[in-house]
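Architecture at a glance
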Amino acid sequence: MKVMSCNAGSSSLKFKLYNMPSEEVICKGMFERIGQEMGNFELEYNDKEIEREAKFENHSVAVSYLLDSLVSEGIVSSLEEIGGVGHRVVHGGEKFAESIKIDEEVIKAIEEVSDLAPLHNPANLIGIHAFIEVLPHAGQVAVFDTAFHQTMEPETYIYAVPYEWYEDYGVRKYGFHGTSHKYVSLKAAELEGKRPEDVNVIVCHLGNGASICAVKGGKSINTTMGLTPLAGIPMGTRSGNIDPAIIEFISEKENKTVQEVTRMLNKKSGFLGVSGISSDNRDLEAAVAKGNRRAQLAMDIQDKKITDIVAAYYVYMGGCDVIAFTAGLGENSARMRKSICDRLSALGVKIDLERNNVRKKTTLISSDDSSVAVYLIPTDEEIMLARDTFELI
Ligand code: ADP
């Protein structure tokens, strides 16, 4: 059976088509600038790349265009071959601890938690509606970024604020990147030749958005993001955790609303805010090479906060077997991986410089006498969507 994984944003749609259960990738690609005057479409299959510019009025038009292309390029002979579509949904609130087959009730429940992710859930729903309309025979499955973290204990997910905020509005830690944390922790267990139940893994998902997760015996027991993806460690443009009183302080100093200050914490902080140069790690590394001290400071702040969290999770889990680095920075920046492992030397973590000289490839990067195995494990959220979809339908 062929299964499509789909990640819809407000003006974009990324897709990957798999043969299941072999997990062979048949094709992949994306749409950008949906709803604008001119959009673009990319499709990759059999070492062939197609790039087209066209107007895609909305997501349904884009999905129809995609399916027509699959048939006209001979990638599928009939749309009936696509038995399921797995949709990434950012927020499942407390309602969804697992992936689920989509029906009217599930759509309603996703709408109900949309106030917790107002930028993401409505876009994800647009993708779901588009595929239901254009591919009505296929089973549709929702895979939630928050679901993997539903195993956290109340002492971890309840904030020390008036309890009614939780009861009345659902204010609590939810955590995100769950699909990635799950994939990488399962892979780490496999690499160690152990069952997921028998390993403790700390996953560092470090991209523009970044979060860390403590996975004990296959279950998420803590993670750094919170009610929203603004919390936790500093990121490309997000502040991560700060003293909450800063918001009022700055809003008074600069005569800004709470929304304006929060936007600055989301869009103008992190690497970008501290360095004043860029949110992109590559730009910061280039600036540091030319002696830029604020770029160095931006990276040092992030490395320190990551180390604080890894050390705390190590203690909280009663030790760990694997530390795994993944996502854009985790998979590409040997500098960052070395910096964090060096800062963890008190735990007996030792990096092997030669092994660490690697990008985007599953690799053991710790030395043989390291107390913890450290791996680079490229994440693969799409395959998790396809697996859950295939299983559920
Ligand atoms: P997103 O959260 O948007 O998916 P990514 O996972 O793509 O983010 O990660 C983007 C980050 O990865 C950027 O800071 C970028 O500089 C960094 N990165 C990507 N490639 C490299 C590289 N070759 N060397 C160092 N950093 C890299």
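For the structure, see preceding data.
Residues numbered from 1 in each chain as written. Predicted model: local features only at pLDDT ≥ 70, side-chain atom pairs only at ≥ 80, totals over all residues. Heavy atoms only, no water.

Overview of the overall build of the protein
Our working rule: By the criteria applied, helices consist of DSSP H or I runs no shorter than four residues and strands consist of E runs no shorter than two, each listed in order from the N terminus. All radius of gyration figures rest on C-alpha atoms, and the globule criterion is 2.2 Å times the number of residues raised to 0.38. We call a residue buried when its accessible area falls under 20% of the maximum for its residue type, exposed when it is over 50%, and partly exposed in between, using a 1.4 Å probe and counting protein chains only. Residues count as neighbours in contact if any of their non-hydrogen atoms are within 4.5 Å of one another. Only the protein chains shown count as covering a residue, and every accessible area follows the Shrake-Rupley method with a 1.4 Å probe. A residue counts as positive if it is Lys or Arg and as negative if it is Asp or Glu; His and the chain ends are not included. Charge positions are represented by NZ for Lys, CZ for Arg, CG for Asp and CD for Glu.
Assigned secondary structure in the protein consists of 15 helices and 14 strands. Over its C-alpha trace the protein gives a radius of gyration of 21 Å, about what one expects of a compact globule, namely 21 Å for 393 residues. With the principal axes as the frame, the protein shows a C-alpha extent of 60 × 55 × 45 Å. Looking at the 393 residues of the protein, the share that counts as buried comes to 50%. A separation threshold of at least 6 residues defines the contact pool for the protein, and within that pool the share at least 24 residues apart is 60%. Approximately 18,400 Å² of the protein is accessible, and the part contributed by carbon and sulfur atoms is 49%. Treating the 42 positive side-chain charges of the protein as one cloud and the 57 negative ones as another, the clouds have centres 6 Å apart.

Let's talk about the site of the ligand
In plain terms, the rule: Any residue with at least one heavy atom within 4 Å of a molecule or strand is counted as near it. Whenever two N or O atoms come within 3.5 Å, that pair is a polar contact, provided that in protein one can donate a hydrogen and the other can accept it, and provided that, for residues adjacent in sequence, both atoms are side-chain atoms.
Every residue near the ligand is listed here: Gly207, Asn208, Gly209, Asp280, Asn281, Arg282, Ala327, Gly328, Leu329, Asn332 and Arg359. One of the backbone nitrogen or oxygen atoms of Gly209 is found 3.1 Å away from an oxygen atom of the ligand. Secondary-structure elements contributing two or more residues to the shell around the ligand are helix 10 (281–289) and helix 12 (327–332).

Focus on the environment of Glu155
On the secondary structure map, Glu155 appears in helix 4 (residues 154–157). On the basis of relative accessibility, which here comes to 67%, the residue Glu155 falls in the exposed class. For the pair Glu155 and Glu192, spaced 37 residues apart in sequence, the C-alpha to C-alpha distance is 30 Å.

Quick notes on a nonpolar patch on the surface
Which entries qualify depends on this criterion: Patches draw on residues past 30% relative accessible area with no salt bridge. Two like charges within 9 Å are joined, as are two nonpolar side chains (Val, Leu, Ile, Met, Phe, Trp, Tyr) within 5 Å. The term salt bridge refers to a side-chain nitrogen of Lys or Arg lying within 4 Å of a carboxyl oxygen of Asp or Glu.
Together, Tyr159, Val161, Trp165 and Tyr169 make up an exposed nonpolar region whose accessible area comes to about 410 Å². Here Tyr159 shows up in the loop between helix 4 and helix 5 (163–169). The partly exposed category is assigned to Tyr159, whose relative accessible area is 31%.

Some thoughts on a negative patch on the surface
Taken together, the side chains of Glu44, Glu49, Glu51 and Glu53 define an acidic patch exposed on the protein surface. Tallying contributions element by element places strand 5 (residues 48–54) first for the negative patch, with 3 residues. Following the sequence through the fold, Glu53 ends up in strand 5. For Glu53, a relative accessible area of 58% puts it in the exposed group.

Some thoughts on unusual backbone geometry
Note that the residue after Met20, namely Pro21, is joined by a cis bond; omega there is 10°. Relative to the elements of secondary structure, Pro21 occurs in the loop between strand 2 (13–19) and strand 3 (24–32). Even without being glycine, Asn46 reaches a positive phi, approximately 45°. Within the secondary structure, Asn46 sits in the loop between strand 4 (39–45) and strand 5. Residue Asn46 is classed as exposed on the basis of its relative accessible area of 69%. Of note in this structure, Ala327 is not a glycine but carries a positive phi near 75°.

Quick word on the sheet that holds strand 4
Consider a sheet: its strands pair through backbone hydrogen bonds, and that pairing is either parallel or antiparallel. What counts here: Two strands form a pair only when DSSP identifies at least two bridges running between them. With axes taken as lines fitted to C-alpha atoms, and helix axes fitted only over the stretch in contact, angles between N-to-C directions fall between 0 and 180 degrees.
Strand order in the open sheet formed by 8 strands is 5-4-3-2-1-6-8-7, and the pairing between neighbours is mixed. Each end of this open sheet is capped by a strand with a single partner; those strands are strand 5 and strand 7 (100–101). Direction of pairing for strand 3 relative to strand 4: antiparallel, over a ladder of 5 bridges. Across the sheet, Met30 pairs through a bridge with Glu42, a residue of strand 4. In the packing of helix 3 (residues 121–134) onto the sheet, the strands contacted are strand 1 (2–8), strand 2, strand 6 (82–89) and strand 8 (139–144), and the crossing angle to strand 6 comes to about 170°.

What to know about the environment of Phe96
Within the element layout of this structure, Phe96 appears in the loop between strand 6 and strand 7. Excluding anything up to four places from it in sequence, Phe96 contacts Val106, Ala109, Ile110, Phe144, Ala147 and Gln150.

Looking at the layout of surface pockets
The cut-off we apply is this: Buried and open spaces are told apart on a 1 Å grid over the protein atoms alone, a cavity being a set of points where a 1.4 Å probe fits but cannot get out and a pocket being an open set with protein on both sides within 12 Å along at least five of seven lines. Residues with an atom within 4 Å of a point are the lining residues. Grid points are joined across faces, edges and corners, and a volume is the space filled by probe spheres set on the points. Amino acids are sorted into nonpolar (Ala, Val, Leu, Ile, Met, Phe, Trp, Tyr, Cys and Pro), charged (Asp, Glu, Lys and Arg) and polar (every other residue, Gly among them).
Space inside the second largest pocket adds up to approximately 910 Å³. Forming the boundary of the second largest pocket are 30 residues, of which Tyr159, Leu227, Ala231, Asn241 and Pro244 lie nearest the centre. Secondary structure elements with two or more residues in the lining of the second largest pocket: helix 4, strand 11 (219–223), helix 8 (258–267) and helix 11 (293–316). For the lining of the second largest pocket, the element with the most residues is helix 11, which contributes 4 residues. The residue inventory of the lining of the second largest pocket, partitioned by class, reads 15 nonpolar, 11 polar and 4 charged.

Observations regarding the nonpolar core
The cut-off we apply is this: Here, nonpolar core means buried Ala, Val, Leu, Ile, Met, Phe, Trp, Tyr and Cys residues that are tied together by side-chain atoms lying within 4.5 Å of each other.
Residues Cys204, Leu206, Ile306, Ile323 and Phe325 are the most contacted members of the largest nonpolar core, which totals 38 residues. Those elements giving two or more residues to this core turn out to be strand 9 (200–206), strand 10 (210–216), helix 10, helix 11, strand 12 (322–326), helix 13 (334–343) and strand 14 (373–376). If you tally residues by element for this core, the top one is helix 11, at 6 residues. Beyond its immediate sequence surroundings of up to four residues, Ile306 is in contact with Cys204, Leu206, Ile212, Ile233, Met336 and Ile340. If you look at the next biggest cluster of nonpolar residues, it comprises 29 residues, including Phe15, Cys27, Phe56 and Ile82.

A word on the packing of aromatic side chains
Aromatic ring pairs are defined here through the distance separating the ring centres and the angle between the ring planes. What counts is decided by this rule: Each pair of aromatic rings taken from Phe, Tyr and Trp, with Trp reduced to its six-membered ring, is defined by centres within 6.5 Å and is described as stacked if the planes are under 30 degrees apart, edge-to-face if over 60, and tilted in the remaining cases.
Applying the stated criterion to the full structure yields 10 aromatic pairs. Geometrically, the ring pair formed by Phe15 and Phe41 is stacked, given 6.3 Å between the ring centres and 25° between the ring planes. Within this pair, whereas Phe15 is found in strand 2, its partner Phe41 is found in strand 4, the two being separated by 26 residues in sequence. Each member of the pair, Phe15 as well as Phe41, carries the same accessibility label: buried.

A word on the sheet that holds strand 9
An order of 11-10-9-12-14-13 is seen for the 6 strands of this open sheet, with the pairing classed as mixed. Lying at the two open borders of the sheet, with one neighbouring strand each, are strand 11 and strand 13 (363–364). Sheet topology note: the strand 9/strand 12 ladder contains 5 bridges and is parallel. Directly across from Ile202, in strand 12, lies its bridge partner Ile323.

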